[in-house]
Amino acid sequence: MKTNQPKNVQKSIRISEDVLKYIEKQEGNGFNEKLCNMVLYCMEHEADIRKKVSAAEKRLEFVENQIRERHNILDKIESISRFVDSCMHNVIQ
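Remember, it's a predicted structure, so these values are computed and weren't measured experimentally. (Residues numbered from 1 in each chain as written. Predicted model: local features only at pLDDT ≥ 70, side-chain atom pairs only at ≥ 80, totals over all residues. Heavy atoms only, no water.)

### Remarks on helix α2 (residues 30-92)
Here comes step 1: The largest bend along α2 measures about 55° and falls at His-45.
Here comes step 2: As for α2, its buried residues are in contact with α1 (17-24). (Bend = angle between axes of the 7 residues up to and from the residue. Helix = DSSP H or I, 4+ residues; strand = E, 2+ residues; numbered from the N terminus. Contact = heavy atoms within 4.5 Å.)

Next comes the structure, spelled out in structure tokens:
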């Protein structure tokens, strides 16, 4: 997503070394162009990224529910197993 809008807004920012290193990895000539390209890329792909994150969150919720259900089943099985062991112990004595 390239834009031909005039660049008439001047800003001064403070960033960490890590952020600077990340920006420097982007395509472009110089800091301003790299930063603009990165922001434009994010703007262009934001809707798709949000959809993917939402789908991943729903999938995670589904999997967590399955894990919770299976954990509850396992707890019940372990309780039954302890009960059977107790009964067997009482029968043997």
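### What about the layout of surface pockets?
Here comes step 1: Each pocket or cavity is described by its volume, and for the largest pocket that value is around 640 Å³.
Here comes step 2: Lys-7, Val-9, Asn-32, Leu-35 and Cys-36 are the residues nearest the centre of the largest pocket, which is lined by 17 residues in total.
Here comes step 3: For the lining of the largest pocket, the per-class residue count stands at nine nonpolar, six polar and two charged. (1 Å grid on protein atoms, 1.4 Å probe; cavity = no way out; pocket = protein on both sides within 12 Å on 5 of 7 lines; lining within 4 Å. Points joined across faces, edges and corners; volume = space filled by probe spheres on them. Nonpolar A, V, L, I, M, F, W, Y, C, P; charged D, E, K, R; others polar.)

### What to know about the pattern of salt bridges
Here comes step 1: Summed over all chains, the structure comprises three salt bridges.
Here comes step 2: One salt bridge connects Glu-46 with Arg-50, and the closest N-O pair in it is separated by 2.6 Å. Of this pair, Glu-46 and Arg-50 both sit in helix α2, four residues apart, roughly one helical turn.
Here comes step 3: The class for Glu-46 is partly exposed, based on a relative accessible area of 36%.
Here comes step 4: Between Lys-52 and Asp-48 there is a salt bridge; the shortest N-O distance is 3.4 Å. Of this pair, Lys-52 and Asp-48 both sit in helix α2, four residues apart, which is roughly one turn of the helix. (Salt bridge = Lys/Arg side-chain N within 4 Å of Asp/Glu carboxyl O. Buried < 20%, exposed > 50% of the residue type's maximum accessible area, 1.4 Å probe, protein only.)

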